[in-house]
Amino acid sequence: MTEQEHGMVSLEALEDHPLMHRLLEGGDETGVVQEAAAAMLHCDLDGSPPAWRERLDAYRAAALQEGRADIVDVLDRLKKAHQEWFGMRR
């Protein structure tokens, strides 16, 4: 499997997650609990913020490559709403 194919598979898994469906339909990302985000992003709940940021950025890059501005927007909003999960300052 090429890296591009792996990225598409990852994006498909992200798209299929119930939380992503809710957020794409206009759900509020500020109410997302970390456990749900971990499941959606396939991150360890106790993973380091840089690991979380790397995973989110990988999904974001795959979404950009596929022209999925809607998913990019959701990921950006999630990152902004929960900066501490991704090692960013508020």
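Please read these numbers as outputs of a predicted model, since none were measured by experiment. (Residues numbered from 1 in each chain as written. Predicted model: local features only at pLDDT ≥ 70, side-chain atom pairs only at ≥ 80, totals over all residues. Heavy atoms only, no water.)

J.: Could you clarify how one ought to interpret unusual backbone geometry in this entry?
T.: Among all residues save glycine, negative phi is the norm, and among peptide bonds the norm is trans. Of note, histidine 42 is a non-glycine position whose phi angle comes to about 55 degrees, a positive value. Tracing the chain through its elements places histidine 42 in the loop between helix 3 (34–41) and helix 4 (49–65). Accessibility expressed as a relative area gives 45% for histidine 42, which makes it partly exposed. (Helix = DSSP H or I, 4+ residues; strand = E, 2+ residues; numbered from the N terminus. Buried < 20%, exposed > 50% of the residue type's maximum accessible area, 1.4 Å probe, protein only.)

J.: Looking at this model, I keep getting lost on the environment of glycine 87. Mind explaining?
T.: Secondary-structure assignment places glycine 87 in the segment after helix 5 (69–81). Look at glycine 87 and you get partly exposed, because its relative accessible area is 49%. Taking the C-alpha atoms as reference points, glycine 87 and arginine 53, separated by 34 residues in sequence, lie 7.4 Å from one another.

J.: Help me out: how do you make sense of the environment of arginine 77 in this one?
T.: Topologically, arginine 77 is positioned in helix 5. Looking at arginine 77, the relative accessible area reads 26%, which means it is partly exposed. Counting along the chain gives 48 residues from arginine 77 to glutamate 29, while the straight-line C-alpha distance between them is 6.8 Å. Setting aside residues no more than four positions away along its own chain, arginine 77 makes contact with Leu23, Gly27 and Glu29. (Contact = heavy atoms within 4.5 Å.)

J.: What exactly am I supposed to notice about the pattern of salt bridges here?
T.: Pairs can form between side chains of opposite charge whenever their charged atoms are close. Inspection of every chain in the model, using the stated rule, returns 6 salt bridges. Residue aspartate 73 is joined to arginine 77 by a salt bridge in which the shortest nitrogen-to-oxygen separation is 3.1 Å. Remark: arginine 77 and aspartate 73 occur in helix 5; sequence separation between them is 4 residues, near one turn of the helix. (Salt bridge = Lys/Arg side-chain N within 4 Å of Asp/Glu carboxyl O.)

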